[in-house]
Amino acid sequence: WAKAEGKGRWALFDADRSASEITRYTLSAALPGALERGEFVVDYQPIVDLKTGAVSAVEALVRWRHPDFGLLKPDRFIGLAEETGVIVQLGRWVLEQSCAEAATWPPTGPGSAPPAVNVNLAVRQTHDPHLVAEVFKILADTGLPPQQLQLEITESAVIGTEDGSLDVLRELAKAGVRIAIDDFGTGYSNLAYLRQLPAHIVKIDASFTAGLRAGGTDGHVDEQIVGALVSLAHGLGMSVTAEGVEDEEQAARLAALGCDSAQGWYFARAVPANQLAGLLSLPVPGAPAPLERRRGER
Ligand code: C2E
Ligand code: MG
Ligand code: MG
Ligand code: MG
């Protein structure tokens, strides 16, 4: 028998249980305490305007500095945080943290606004009745203009659910917050539904970008798909961001297909807050250039 820390719950660990299950259990049980102890950090990845090369937005990506397991990527713990409900508190912390950070970012060029901050919302957060009030409070407390906040949600957060979470998004959008559909093309991708969403940005999943690599075998098909998504999104008045751009060829093809902005290791990796300033202040005339390709991804 092992005691789940701080919860007063008991669970049976039988010998067959795989190490990964035990790790999952350990991580899951440690989440609330980790939040209290300040073990989470937010890294930031630039999103580049493909026409001007300027950094138009920055995505906030959470990491867990685990005392025993080292720096953990969100894929290891976001699912667990959703299952246990801790995501609501963790998500609020990420929002506070990244809005406060974004409020300090300078404009990226003469006459231009500071970059927007993109914050990922878990499905569970979009069903939280307190979300709207919390977002408004965070904006008021940090002084971040609503127009500078972009909330990323996946299709699964809204597709197939009753109107509740759509109302939440509509209310946020009415206040000027922008909504991005993340990982587009990987879920149900109900195209008709896209029309009803109060969304401003479509983020094309990295799996499509991957096919645009030089010599990529599926290149032709993915080029067709990306082209179709771009015209659909533009037809609906939305802008398009491509994820996972790793080389120059992909960036060039995305630009040629009319994609508005892009994000990926070719431009810059996610970096700690204190390294971001150097990436934002680069001169960016003409075609997009890699900002900082070799910066260690965390
Ligand atoms: P996402 O929102 O689609 O974020 C993009 C992911 O792609 C990030 O992984 C980023 O580091 C990675 N990436 C960026 N450029 C490239 C590239 O050129 N090549 C490749 N292979 N990968 C690239 P990361 O940071 O591990 O985050 C994974 C996912 O975890 C995110 O996917 C997002 O769904 C989720 N996530 C991250 N932070 C949060 C958060 O604060 N809240 C919630 N609910 N989810 C989060
Ligand atoms: Mg995202
Ligand atoms: Mg994404
Ligand atoms: Mg993705």
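All of these numbers come straight from a predicted model, not from anything done at the bench. In this numbering scheme, every chain counts its residues from 1 along its sequence in written order. A letter from A marks each chain and a number from 1 marks each ligand, given out in the order of writing. With the structure being a predicted model, the display of local features is reserved for residues of pLDDT at least 70 and the display and counting of side-chain atom pairs for 80 or more, all residues being used for whole-chain, interface and lining totals. Only hydrogens and water are set aside; all other atoms, that is, all heavy atoms of the structure, feed into the side-chain values.

J.: When you look at the packing of helix α1 (residues 19-36) against helix α2 (residues 74-84) in this model, what are you seeing that I'm missing?
T.: A pair of packed helices is characterised by two quantities: the angle between their axes and the separation of those axes. Closest axis-to-axis distance for the α1/α2 pair is 9 Å, and the angle between their directions is 65 degrees. For the pair α1 and α2, the sense of crossing is right-handed. Taken together, the residues of α2 that come into contact with α1 (itself represented by Thr23, Arg24, Leu27, Ser28 and Leu31) are Arg76, Phe77, Leu80, Ala81, Glu83 and Thr84. Classification convention: Asp, Glu, Lys, Arg as charged; Ala, Val, Leu, Ile, Met, Phe, Trp, Tyr, Cys, Pro as nonpolar; all other residues, Gly among them, as polar. Its residues placed into classes, the contact of α1 with α2 shows five nonpolar, three polar and three charged. In this analysis an axis means a line fitted to C-alpha atoms, helices contributing only their contacting stretch, and an angle means the value between N-to-C directions, from 0 to 180 degrees. Comment: elements are numbered from the N terminus, with helices defined as DSSP H or I runs of at least four residues and strands as E runs of at least two. Note on convention: the crossing is left-handed when the near helix lies turned anticlockwise from the far helix by less than a right angle, right-handed when the turn is clockwise. Contacts between residues were defined by any pair of non-hydrogen atoms, one from each residue, lying within 4.5 Å.

J.: Please explain the coordination of the magnesium ion (ligand 3) as it appears in this structure.
T.: A four-donor tetrahedral metal ideally has 109.5 degree angles, and a six-donor octahedral metal ideally has angles of 90 or 180 degrees. Water is not part of the atom set, so a site may look incomplete; the donors themselves are N, O and S atoms within 2.8 Å of the metal, or 3.2 Å for Na, K and Ca. At 1.9 to 2.8 Å from the magnesium ion (ligand 3) lie its protein donor atoms, namely Asp182 (OD), Asp183 (OD), Glu243 (OE) and Glu243 (OE). Positions of the donor residues of the magnesium ion (ligand 3), expressed as sequence spacing, correspond to D-D-x59-E. Separating the magnesium ion (ligand 3) from the magnesium ion (ligand 2) is a gap of 3.5 Å, which Asp182 spans by donating to each of them. With Asp183 in strand β8 (residues 178-184) and Glu243 in the loop between β10 (239-242) and α11 (248-256), this residue pair connects regions lying 60 residues apart in the sequence. Throughout this description, buried means an accessible area under 20% of the type-specific maximum (1.4 Å probe, protein chains only), exposed means over 50%, and partly exposed covers the range between. Exposure remark for Asp183: the relative accessible area of 25% places this residue in the partly exposed category.

J.: I would appreciate a short explanation of the coordination of the magnesium ion (ligand 2) in the present structure.
T.: Around the magnesium ion (ligand 2), the protein contributes the donor atoms Glu59 (OE), Asn120 (OD1), Glu152 (OE) and Asp182 (OD), at 2.0 to 2.2 Å from the metal centre. All donor residues of the magnesium ion (ligand 2) come from one chain, and their arrangement in sequence is E-x60-N-x31-E-x29-D.

J.: Which parts of the structure should I look at to understand the pairing of strand β7 (residues 149-154)?
T.: Every other side chain in a regular strand lies on the same face of the sheet, so the side chains alternate between the two faces. A large share of β7 lies buried, amounting to five of its six residues. Relative to β8, β7 runs parallel, the two sharing five bridges. Following the sheet pairing, Leu151 is matched in β8 by Ile179. Two strands qualify as a pair provided that DSSP identifies no fewer than 2 bridges between them.

J.: I would appreciate a short explanation of the nonpolar core in the present structure.
T.: A general trend in soluble globular proteins is that nonpolar side chains are found buried together. By size, the foremost hydrophobic cluster in this structure holds 77 residues, and its most contacted members are Trp64, Leu149 and Leu151. Take this core: its biggest share by element is seven residues, from helix α3 (residues 87-102). Not counting chain neighbours up to four residues away, the residues in contact with Leu151 comprise Leu95, Val119, Leu121, Leu172, Val177, Arg178, Ile179 and Ala180. The definition of a nonpolar core used throughout is a set of buried Ala, Val, Leu, Ile, Met, Phe, Trp, Tyr and Cys residues joined through side-chain atoms within 4.5 Å.

J.: What should I look at first to understand the pattern of salt bridges in this one?
T.: What counts as a salt bridge is simple: a side-chain nitrogen of Lys or Arg found within 4 Å of a carboxyl oxygen of Asp or Glu. Across all of its chains, the model carries eleven salt bridges by this definition. Measuring nitrogen to oxygen at the nearest pair gives 2.9 Å for the salt bridge that ties Lys203 to Glu59. With Lys203 in strand β9 (residues 201-204) and Glu59 in strand β4 (residues 55-66), the pair connects residues that are 144 residues apart, well separated along the chain. Its relative accessible area of 0% is what places Lys203 among the buried residues. Taking relative accessible area as the criterion, Glu59 reaches 4% and is therefore assigned buried. Taking the shortest distance from any N to any O, the salt bridge between Arg253 and Glu249 comes out at 3.4 Å. With Arg253 and Glu249 both in helix α11 and four residues apart, this pair spans about one turn of that helix.

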